[in-house]
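Structural overview for review
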Amino acid sequence: DRMSQLRETTRLVREALGSDYGVYAVPEALSYTAKARNHVVMPPDLHSVFTSLIIGFASVVVAGNIYITVVQQKRKIGLLRVVGATSRDIIQYVLTLVAYVSAIGTVSGAVLGNLLYLVTLLGSDLSIGEWFAQALSDFAKITCISLGISLAIGFGIASWASRLSCSEVLSRE
């Protein structure tokens, strides 16, 4: 019943706007790609673009936060060096910090995002099972990608931090 009303509304809007405008209902736009037929948020051709932009921006934010955190902990890194920490220990410390920040951000973002995505369930023809499968799939992809990118960026910061000598760090304090 909702789909027939949607089709009729789409037809009326098309007639009212004329041929200069492309008017598509979301299910209609999604039907062009069989792979993304259950995605109700945006047209499939824009999904990968927006996903890449969001993940890229989030990675830059995480890298900036980790860099600031490591710079603020230079004294601690110097003290770790004084008590015998190796470059490998410093890298492990920074990467652990990156993993915690990234995991907490990913989980909190996924939970809040899926709560918003749950609202779209009300206006779609998805069953709760399909929605849940889509949400879990997206969560798994986002978690793997965000942790991977964050750890890759974090490795660069960790290698920089591992090259800090204790005399360099402690002389500025």
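Description of the structure in this document. In this text the structure is predicted, and so the values were computed from the model without any measurement. (Residues numbered from 1 in each chain as written. Predicted model: local features only at pLDDT ≥ 70, side-chain atom pairs only at ≥ 80, totals over all residues. Heavy atoms only, no water.)

Let us now look at the nonpolar core. One finds Ile66, Val70, Ile77, Ile90, Val94, Ile157 and Ala161 to be the most contacted residues of the largest nonpolar core, which totals 14 residues. Mapped by element, the contributors of at least two residues to this core are helix H3 (44-72), helix H5 (87-122) and helix H6 (128-162). In contact with Ile66, other than residues within four places in its own chain, are Val94, Leu97, Val98, Val101 and Ile157. Among the nonpolar cores identified, the runner-up in size contains five residues, and Tyr117, Leu121, Trp131 and Ala135 belong to it. (Core = buried A, V, L, I, M, F, W, Y, C linked by side-chain atoms within 4.5 Å. Buried < 20%, exposed > 50% of the residue type's maximum accessible area, 1.4 Å probe, protein only. Helix = DSSP H or I, 4+ residues; strand = E, 2+ residues; numbered from the N terminus. Contact = heavy atoms within 4.5 Å.)

Next up on the list: a nonpolar patch on the surface. A cluster of nonpolar side chains, contributed by Val107, Val111, Leu112, Leu115, Leu118 and Ile128, occupies part of the molecular surface with about 540 Å² of accessible area. The element that contributes the greatest number of residues to the nonpolar patch is H5, accounting for five residues. Within the element layout of this structure, Val107 appears in helix H5. With a relative accessible area of 42%, Val107 lands in the partly exposed category. (Patch = residues over 30% accessible without salt bridge, like charges linked within 9 Å, V, L, I, M, F, W, Y side chains within 5 Å. Areas by Shrake-Rupley, 256 points an atom, 1.4 Å probe, with all protein chains shown as cover. Salt bridge = Lys/Arg side-chain N within 4 Å of Asp/Glu carboxyl O.)

In this section: the packing of helix H4 (residues 74-82) against H5. Between H4 and H5, the shortest axis-to-axis distance is 10 Å and the interhelical angle comes to 145°. Every pair of crossing elements has a handedness; the one defined by H4 and H5 is right-handed. Contact residues: Lys76, Ile77, Leu80 and Arg81 in H4; Ser87, Ile90 and Tyr93 in H5. Taken together, the residues that form the contact of H4 with H5 break down as four nonpolar, one polar and two charged. (Axes fitted to C-alpha atoms, helices over the stretch in contact; angles between N-to-C directions. Left-handed = near helix turned anticlockwise from the far one by under 90°. Nonpolar A, V, L, I, M, F, W, Y, C, P; charged D, E, K, R; others polar.)

In this section: the packing of aromatic side chains. Evaluated as defined, the whole model comprises one aromatic pair. With a centroid separation of 5.5 Å and an interplanar angle of 45°, the aromatic rings of Tyr67 and Trp160 are classed as tilted. On the criterion of sequence distance, the pair formed by Tyr67 in helix H3 and Trp160 in helix H6 is long-range, its members being 93 residues apart. (Phe/Tyr/Trp six-rings, centres within 6.5 Å; stacked < 30°, edge-to-face > 60°.)

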